[in-house]
Amino acid sequence: MNFEGLDPGLAEYAPAMHSALDPVLDAHLNPSLLQNVELDPEGVALEALPVQESVHIMEGVYSELHSVVAEVGVPVSVSHFDLHEEMLWVGSHGGHATSFFGPTLERYSSFQVSGSDDIRQIQSLENGILFLTKNNLKYMARGGLIIFDYLLDESEDMHSLLLTDSSTLLIGGLQNHILEIDLNTVQETQKYTVETPGVTIMRQTNRFFFCGHTSGKVSLRDLRTFKVEHEFDAFSGSLSDFDVHGNLLATCGFSSRLTGLACDRFLKVYDLRMMRAITPLQVHVDPAFLRFIPTYTSRLAIISQSGQCQFCEPTGLANPADIFHVNPVGPLLMTFDVSASKQALAFGDSEGCVHLWTDSPEPSFNPYSRETEFALPCLVDSLPPLDWSQDLLPLSLIPVPLTTDTLLSDWPAANSAPAPRRAPPVDAEILRTMKKVGFIGYAPNPRTRLRNQIPYRLKESDSEFDSFSQVTESPIGREEEPHLHMVSKKYRKVTIKYSKLGLEDFDFKHYNKTLFAGLEPHIPNAYCNCMIQVLYFLEPVRCLIQNHLCQKEFCLACELGFLFHMLDLSRGDPCQGSNFLRAFRTIPEASALGLILADSDEASGKGNLARLIQRWNRFILTQLHQDLQELEVPQAYRGAGGSSFCSSGDSVIGQLFSCEMENCSLCRCGSETVRASSTLLFTLSYPEDKTGKNCDFAQVLKRSICLEQNTQAWCDNCEKYQPTIQTRNIRHLPDILVINCEVNSLKEADFWRMQAEVAFKMAIKKHSGEISKNKEFALADWKELGSPEGMLMCPSIEELKNVWLPFSIQMKMTKNKGLDVCNWTDGDEMQWGPARAEEEHGVYVYDLMATVVHILDSRTGGSLVAHIKVGETYHQRKEVSEGVTHQQWYLFNDFLIEPIDKHEAVQFDMNWKVPAILYYIKRNLNSKYNLNIKNPIEASVLLAEASLARKQRKTHTTFIPLMLNEMPQVGDLVGLDAEFVTLNEEEAELRSDGTKSTIKPSQMSVARITCVRGQGPNEGIPFIDDYISTQEQVVDYLTQYSGIKPGDLDAKISSKHLTTLKSTYLKLRFLIDIGVKFVGHGLQKDFRVINLMVPKDQVLDTVYLFHMPRKRMISLRFLAWYFLGPKLFHLCFP
């Protein structure tokens, strides 16, 4: 609204508008005007102005219903009826907003919107209220919480806003443009230039945007292009208000006179059908506000500043009898609004009072208002009665007083035991309608039960529920389990003890005396560390993955190759798979399979790790197979005879792990259906026989591979579902045989335990020879059997316990598509010779290469470890000596690595050590292929690249990319610095002595990497200055240290040179591989967070360069002050 023509007397209220926000009585306010207003001791109105009891509101005639003080002495600047709830919003010249509920004007909320500017317009939305001030747009909840605060340019002077749809807003003011704001992204999307500046009022119909200008004009603009279609020159002075209804446009304003502006008593009315003016409407009041109030007719309400209100038809004559008077407390009316239902009118005056006029005793502001949410009253003294007959009555409704006595539910540990419930079986309808896409099944919801509700079914017998795989969630208050003393120390979950120096003083060498690299466990979802080690020590897989490189941002094969490179470079120091796990968390299938654990579940061990790692095993093989399936096979994987390592259209992962099968379905009608398929791993299927007879591992494996089962399936011949016999035959055996053990219950565990006992008795009988079957012998007798004077060199009795798994198996393809599987022992090799399996076509010997086991430990929630047989090629690289033929079994328990006896890899005490995954590889597999690695990272990664930021400003660049003639050489110096942001805060606790103990360190993510030339004509000029885009939630940008601000890492709004982490990582990897030397301060932490392993001879770190033994590290600020001097120091650190 334009206030140029208002009463000059308003100027005397300027101090009250802006000088103070406290609700005190204005010095110019006549106390007699507020004699009916009840104020609290601070001068704030508590209740609405009472209406005289004699007031009677007639139906259809507007009369005053209530008056209320919004803010004493501060003029009301704007009023607005809420379009969604029964509320009236009022804004003041002091920037304060107040809401009133219902026709009784009960105060609902009151809060400060702006500290210096008046509120110029209010617009209600579904979830909150928009407030427009001079150069600020604020969106707040109805209770006062800020949803967003959008600052406009300081030169802006906004007066009006218009909501064009649910998410688009137009803002206009005294400048020569109108802004379009997207409320979803809170960003400016368009800036429309207007020919006539000063848009103070905006309206919209289904045909035009109407813009009212301070010059007295009204322009009609196109809804799509915002171009001017028509323009009406309504008044020669200025425009006061206008409104649109149907085909009529009515305006009021000021005309130019010799003495200045004067209020024009003629309303200019325009017909929008013919786009011309009709007969002006003369009124008997000085119009300042007008609104159409269409009820039975399209009547107009014309309001003057002095409080006079006149109703008239826009095409008729104004009748002086239709004038009524509003009784403002202040001398002037400042604002006017009409409710959506047309049943209520709201007036705001210059003394902060609001007057509500209605045409009925119980009006409603909207035709269909939703229920308003109020603060809940205290229910302590009015608790509802509880019906004990309801089975689902929540007992938490019963208030329990605080007490220090022992509760009745605190049973002693000796008299109680955990009784977990199994998950209910999957609905048969889901299994019937399930469709598989890859290895994930999808089925429609049968709607047989309520969502997220499972009925309680308590089992009465122990055999009916699964307690084997359950681990006690918390050992507090319980005695230690009897079997926990059996868990060897090296198998227990290892944790890093953090000090004030972090990891610098932690002795990893105490846990790992080998030259192989462990993996740190404190990263989220690091339960897969053991499987990463298994894949790394598979020579063909390692070479394949390290030869792979693609353009995909989150490629598990690429990240796994980078991690394998770090494990190669490490000389016993632990690595961390943070970048690999970061990419892993972005894969949708990983989340769908439940492979991404929450931090709380991982720390407490709530997840079933055995099932989890088996699902992860299937997922990673499938994902690697898909990532590599369409890529060209590297030259390193072509055989000596020129034949390709894999068939066309397949991947190397498929050649190594895939097993081709025929699935035959035989209906009882005689119809047989055969289809071909392949699988990357097998799951053991155990027999139902409980007699305890001997059943060696080869028989169980054959039964699992050549699976035969009876099930319901569709028969095309019968045209319905029929009982069918489904069998699986093998066409081709894989090079690497992967087996998921599926020991998830007491039933499978008892089977392993029983077969181990049978195998133990048979081994004793085999090696004892003449000892009677029923005779028990002493340990001395057993040692005598294993002595050189005895019959044979036999293993000790401890090595034969809990052993059922063979170290080697022989598999043979028969002519009738059958499969023969048998255990293969050293004795068989001595008998047939080592080359027999290769000489006979279709006969293969598989050697055990790795076992992954689940360690049950209720104190720590359990863990996963791996036994891996490390070949001679790995020992050759680590020991840097030729001719090494050493093979050794190792235990990999995160960063704990220890050599073990080979029998320990197949011993499974089912009380605490449960098998999960087995890896068998074909004998002499590595010798068949050339497994050289060619570094796939080329120098082109250092050349210029485009930024990911959509709105990068074309300012001066912060770096100059390298040219082809500037490519670094071996020994060149490169300055490096990195900045980080925090993804997860540090978890720490205070000990009783006041010292701080770090439980879990903060999780950092690299945000900016800068590399500077160390020589050449451009010495000292950066050639890399990349901001790393992140999609993860950042909890702290560390702006005071890093300079990173919110939005710098968002591709939608960032103005920086934004790249992906993989792109910048490749640049640093190339620099490391080429042999440059990095110069920086605290580079060890930088490389650790970036997830890089850099040889020590390529790092010049000023932290250690000037470090004295047993002294603290020197900061970069001190070094700069000492070497550069005070003047240059203040230039670097202002």
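So, here is what we can say about the structure in this document.

Conventions adopted
Starting from 1, residues in each chain are numbered consecutively following that chain's sequence as written. Given that this is a predicted model, residues contribute local features only at a pLDDT of at least 70 and side-chain atom pairs are listed and counted only at 80 or more, while totals for whole chains, interfaces and linings are drawn from all residues. In computing side-chain properties, one takes all heavy atoms of the structure into account and sets aside hydrogens as well as water. Under the DSSP-based scheme used, a helix requires at least four consecutive residues in state H or I and a strand at least two consecutive residues in state E, with every element numbered from the N terminus. Categorising residues by exposure relies on relative accessible area from a 1.4 Å probe, with only protein chains included: less than 20% of the type maximum marks a residue as buried, more than 50% marks it as exposed, and the intermediate range marks it as partly exposed. It only takes one pair of heavy atoms within 4.5 Å for two residues to be counted as in contact. Per-residue and other accessible areas follow the Shrake-Rupley method at a 1.4 Å probe size, with only the shown protein chains counted as cover for residues. Working definition: the arc comes from the directions between the helix axis and the C-beta atoms, pointing outward to the latter. Strand pairing is assigned whenever DSSP identifies at least 2 bridges connecting the two strands. Every axis in this analysis is a line fitted to C-alpha atoms, fitted for helices over the stretch in contact. Angles between the N-to-C directions lie between 0 and 180 degrees. The patch calculation keeps residues exceeding 30% relative accessible area without a salt bridge and links them within 9 Å when they carry like charges or within 5 Å when they are nonpolar (Val, Leu, Ile, Met, Phe, Trp, Tyr). Salt bridge, as used here: a side-chain nitrogen of Lys or Arg that lies within 4 Å of a carboxyl oxygen of Asp or Glu. Buried Ala, Val, Leu, Ile, Met, Phe, Trp, Tyr and Cys residues form a nonpolar core when they are joined through side-chain atoms within 4.5 Å. Classification of ring pairs uses Phe, Tyr and Trp, with its six-membered ring standing for Trp, and accepts pairs whose centres are within 6.5 Å; under 30 degrees between planes counts as stacked, over 60 as edge-to-face, and the remaining range as tilted. Think of it as a cone above the ring: NZ of Lys or CZ of Arg counts as a charge over the ring if it is within 6 Å of the ring centre and within 35 degrees of the ring normal. We call two directions roughly parallel when the angle between them is under 35 degrees, roughly antiparallel when it is over 145, roughly perpendicular when it lies between 65 and 115, and oblique otherwise. By definition, disulfides here are pairs of cysteine sulfur atoms that lie within 2.5 Å.

Turning our attention to the overall build of the chain. Looking only at helices and strands, the chain features 22 helices and 53 strands. For the chain, buried positions account for 48% of its 1134 residues. Long-range pairs, those at least 24 residues apart, make up 58% of the contacts in the chain between residues at least 6 apart in sequence. For the chain, the exposed surface amounts to about 59300 Å²; the carbon and sulfur share of it is 52%.

The complete set of buried residues in helix α11 (residues 697–705) reads Phe-697, Ala-698, Val-700, Leu-701, Ser-704 and Ile-705. Seen along its axis, α11 keeps its buried residues to an arc of 160 degrees; they face one direction.

Strand order across the open sheet formed by 4 strands is β2-β3-β4-β5, with antiparallel pairing between neighbours. Edge positions in the sheet fall to β2 (76–81) and β5 (106–112), since each of these pairs with one other strand and no more. Going across the sheet, the axis of each strand differs from the next one's by a mean of 20 degrees, ignoring polarity. When β2 meets strand β3 (residues 87–92), the two strands line up antiparallel, connected through 5 bridges. Its bridge partner being in β3, Ser-79 is matched across the sheet by Val-90.

Here we take up a nonpolar patch on the surface. Among the surface-exposed residues, Leu-1105, Phe-1106, Phe-1118, Trp-1121, Tyr-1122, Phe-1123 and Leu-1124 lie close enough to one another that they form a single nonpolar patch of about 760 Å² accessible area. Of the residues forming the nonpolar patch, the biggest block, 5 residues, is contributed by helix α22 (residues 1116–1132). Looking at the element boundaries, Phe-1123 is found in helix α22.

Ranked by internal contacts, the top residues of the largest apolar core, which has 105 residues, are Tyr-527, Ile-613, Trp-616, Phe-657, Ile-736, Tyr-919 and Phe-1078. Contacts of Ile-736, omitting those with residues within four sequence positions, involve Leu-538, Val-541, Leu-656, Phe-657, Tyr-919, Tyr-920, Ile-921 and Leu-925. Counting 54 residues, the second-largest nonpolar core is a separate cluster that includes Phe-682, Cys-695, Val-700 and Leu-805.

Here the focus is the packing of aromatic side chains. Scanning all chains against the criterion turns up 44 aromatic pairs. For the ring pair Phe-657 and Tyr-919, a centre distance of 6.4 Å and an interplane angle of 85 degrees mean the geometry is edge-to-face. Of this pair, Phe-657 sits in helix α10 (residues 652–657) while Tyr-919 is found in strand β45 (residues 913–922), placing the two residues 262 residues apart along the sequence. Judged on exposure class, the residue Phe-657 and its partner Tyr-919 are both buried. Ring-pair connections join several aromatic residues into one group, and the members of that group are Phe-516, Tyr-536, Phe-537, Phe-564, Tyr-874, Tyr-890 and Phe-892. The residue whose ring lies beneath Lys-902 is Phe-807, and the NZ or CZ to ring-centre distance is 5.0 Å.

This brings us to the pattern of salt bridges. For the structure on display, the rule yields 34 salt bridges. In this structure, Arg-542 engages Asp-568 in a salt bridge whose closest nitrogen and oxygen atoms are separated by 3.2 Å. Of the two residues, Arg-542 sits in helix α4 (residues 539–547) while Asp-568 sits in helix α5 (residues 556–569), which places them 26 residues apart along the sequence. For Asp-568, a relative accessible area of 22% puts it in the partly exposed group. In this structure, Asp-820 and Lys-702 form a salt bridge, with 4.0 Å as the shortest nitrogen-oxygen distance. Of this pair, Asp-820 sits in strand β40 (residues 819–824) while Lys-702 sits in helix α11; the two residues are 118 residues apart in sequence, bridging distant segments of the chain.

Let's shift gears to the pairing of β2. Where burial is concerned, most of β2 is hidden: 6 out of the 6 residues are buried. The turn linking β2 back onto β3 is made up of 5 residues.

Mapped onto the elements of the fold, Thr-251 is located in strand β19 (residues 248–257). Given a relative accessible area of 0%, Thr-251 falls into the buried group.

This part takes up helix α6 (residues 578–585). Buried residues dominate α6, accounting for 7 of its 8 residues. Among the residues of α6, Ser-578, Asn-579, Phe-580, Leu-581, Arg-582, Ala-583 and Phe-584 are the ones counted as buried. Where the residues of α6 are buried, they touch α3 (529–536), α5, α7 (588–592), α9 (609–628), α19 (1061–1074) and α20 (1083–1090).

So, about the packing of α3 against α5. Orientation of α3 relative to α5, taken along the N-to-C sense of each, is 80 degrees, at an axis distance of 11 Å. Relative to α5, the element α3 lies roughly perpendicular. Here α3 contributes Ile-532, Gln-533, Leu-535 and Tyr-536 to the contact with α5, which in turn contributes Leu-560, Leu-563, Phe-564, Leu-567 and Asp-568.

Attention now goes to the side chain of Gln-123. Checked against the element boundaries, Gln-123 lands in strand β6 (residues 121–124). Classification of Gln-123 as buried rests on a relative accessible area of 13%. The contacts of Gln-123, once residues within four sequence positions are left out, are His-80, Leu-83, Ile-129, Leu-130, Leu-161 and Leu-163.

Let's shift gears to unusual backbone geometry. Even without being a glycine, Phe-226 presents a positive backbone phi close to 65 degrees. Structurally, Phe-226 is set in the loop between β16 (217–222) and β17 (228–233). In this structure Phe-226 comes out as buried when scored by relative accessible area, which is 4%. For Asn-1091, which is not a glycine, the phi torsion comes out positive at approximately 75 degrees.

Further remarks concern the sheet that holds strand β14 (residues 199–204). Strands sit in the order β14-β15-β16-β17 across an open sheet of 4 strands; the sheet is antiparallel. Lying at the two open borders of the sheet, with one neighbouring strand each, are β14 and β17. Ignoring strand direction, the axes of neighbouring strands in this sheet form an average angle of 20 degrees. Across 5 bridges, β16 lies against β17 in antiparallel orientation. The residue of β17 that forms the bridge with Ser-219 is Glu-231.

Turning our attention to the pairing of β16. A large share of β16 lies buried, amounting to 5 of its 6 residues. In this antiparallel pair of consecutive strands, β16 and β17, the connection spans 5 residues, and Phe-226 shows a positive phi of 65 degrees.

Overall, the coordinates contain 0 disulfides when judged by the stated rule. Note on Cys-706: no disulfide assigned, nearest cysteine sulfur contributed by Cys-659 at a separation of 8.7 Å. A relative accessible area of 22% places Cys-706 in the partly exposed class.

Turning our attention to the environment of Met-334. With respect to the helices, strands and loops of the structure, Met-334 is situated in strand β28 (residues 333–338). Judged by relative accessible area, Met-334 falls into the buried class, the value being 3%. With 27 residues separating them in the primary sequence, Met-334 and Gly-307 have C-alpha atoms 9.7 Å apart.

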